[in-house]
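Residues per chain, in single letters:
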Amino acid sequence: MIKILKKIIKPFIPPIFFSDVRRELINYFLHNKKITHLIKYEKNFYKRHAFINKAISKYNDCKYLEIGVADNNVFNSIPLKIQDKFGVDPSEGGNYRMTSNEFFQKHENIKFDVIFIDGLHHYEQCQEDCINAMSALNKNGIILFHDFLPRSYFEENVPRKQINWTGNVWKVAVELMNSKNVDFKICNIDMGVGILKLKNGFEYKMMPELKDMNYTNFLEFYKNFPLINSEDALDFISQD
Ligand SMILES: C[S@@+](CC[C@H](N)C(=O)[O-])C[C@H]1O[C@@H](n2cnc3c(N)ncnc32)[C@H](O)[C@@H]1O
């Protein structure tokens, strides 16, 4: 009942009353220097949707899984029948109202050709999502990730401090760079889109030493990230 009332009232409340908006304004006015973007994305004409849809177009009868769906922005752009697209989110959007962990537990026999990981932006959860997704991927499938390239301390910080938020999932990118028998790139657009292909004998490399690292550490690792531009990312996805 309270949930329904909240939905009805929300459009009439000035944005300043939402804690995210308040935080962003406080960050802007009080910590102006710190929200300068320290890395820049490629100027381009693509968003994550383009790469996900490019991946989907590779497969006949593609099965697609999206972890973290929110307002269906990406999910509604997926040109597949609903029986072949699985959107998992405990709060809103998609067609499976549960956490990613619950989904993988309940549906361990379904395999997917394309998986987009964009759920809880905490390192540990994203790591779990990645490992589960690797097991749920069909041979020659593709896993995509959102938010591997935070531009500032505030964008990266856990707990969340502002609306635009990547969290610290970049640590999974570092682990993938160090994993065995994987082909991994990051497209330098739209908060950083990770693209992962698995080879025979792949092994995920856990690096517990990353746990307490912060944005300053990210900037060091970033120097060696496997960054590619949008057009190379489209080619990378097409290649077998
Ligand atoms: C950034 S939004 C997803 C945006 C969407 N993929 C897009 O590209 O437009 C993150 C979503 O993850 C969801 N989420 C949080 N914890 C989750 C979990 N444990 N499993 C799955 N989704 C989760 C949140 O409810 C939120 O809707």
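To be clear, the structure that these remarks concern was listed above.
As a starting point, this report considers the structure included with it. What you are looking at is a predicted structure, and each value in this text was computed from that prediction instead of being measured.

Once that is clear, we can look at the site of the ligand. The local shell around the ligand holds 19 residues, among which Arg48, Gly68, Asp89, Ser100 and Asp118 are the closest. Glu66 is positioned with one of its side-chain polar atoms (N or O) 3.0 Å from a nitrogen atom of the ligand. In this structure, an oxygen atom belonging to the ligand sits 3.4 Å away from a main-chain N or O atom of Ala70. Surface burial for the ligand is 81%, taken as the share of its 610 Å² of free accessible area covered by protein chains. Here the shell around the ligand is built from residues that sort into eight nonpolar, seven polar and four charged.

For the structure shown, the criterion picks out one cavity of 30 Å³ or more. Empty space within the largest cavity amounts to approximately 40 Å³. Lining the largest cavity, in full, are Ile117, Asp118, Gly119, Leu120, His121, Cys126, Phe145, His146 and Val169. Among the residues making up the lining of the largest cavity, the classes are represented as five nonpolar, three polar and one charged.

So, on to the side chain of Ser152. Mapped onto the elements of the fold, Ser152 is located in the loop between β4 (137-146) and α6 (153-156). Side-chain polar atoms of Ser152 contact the backbone nitrogen of Glu155, separated by 3.1 Å.

About the cut-offs
Residues numbered from 1 in each chain as written. Predicted model: local features only at pLDDT ≥ 70, side-chain atom pairs only at ≥ 80, totals over all residues. Heavy atoms only, no water. Near = heavy atom within 4 Å. Polar contact = N/O pair within 3.5 Å; in protein donor to acceptor, adjacent residues only side chain to side chain. Areas by Shrake-Rupley, 256 points an atom, 1.4 Å probe, with all protein chains shown as cover. Nonpolar A, V, L, I, M, F, W, Y, C, P; charged D, E, K, R; others polar. 1 Å grid on protein atoms, 1.4 Å probe; cavity = no way out; pocket = protein on both sides within 12 Å on 5 of 7 lines; lining within 4 Å. Points joined across faces, edges and corners; volume = space filled by probe spheres on them. Helix = DSSP H or I, 4+ residues; strand = E, 2+ residues; numbered from the N terminus.

So far we have only geometry, and geometry alone does not tell us how the molecule works.
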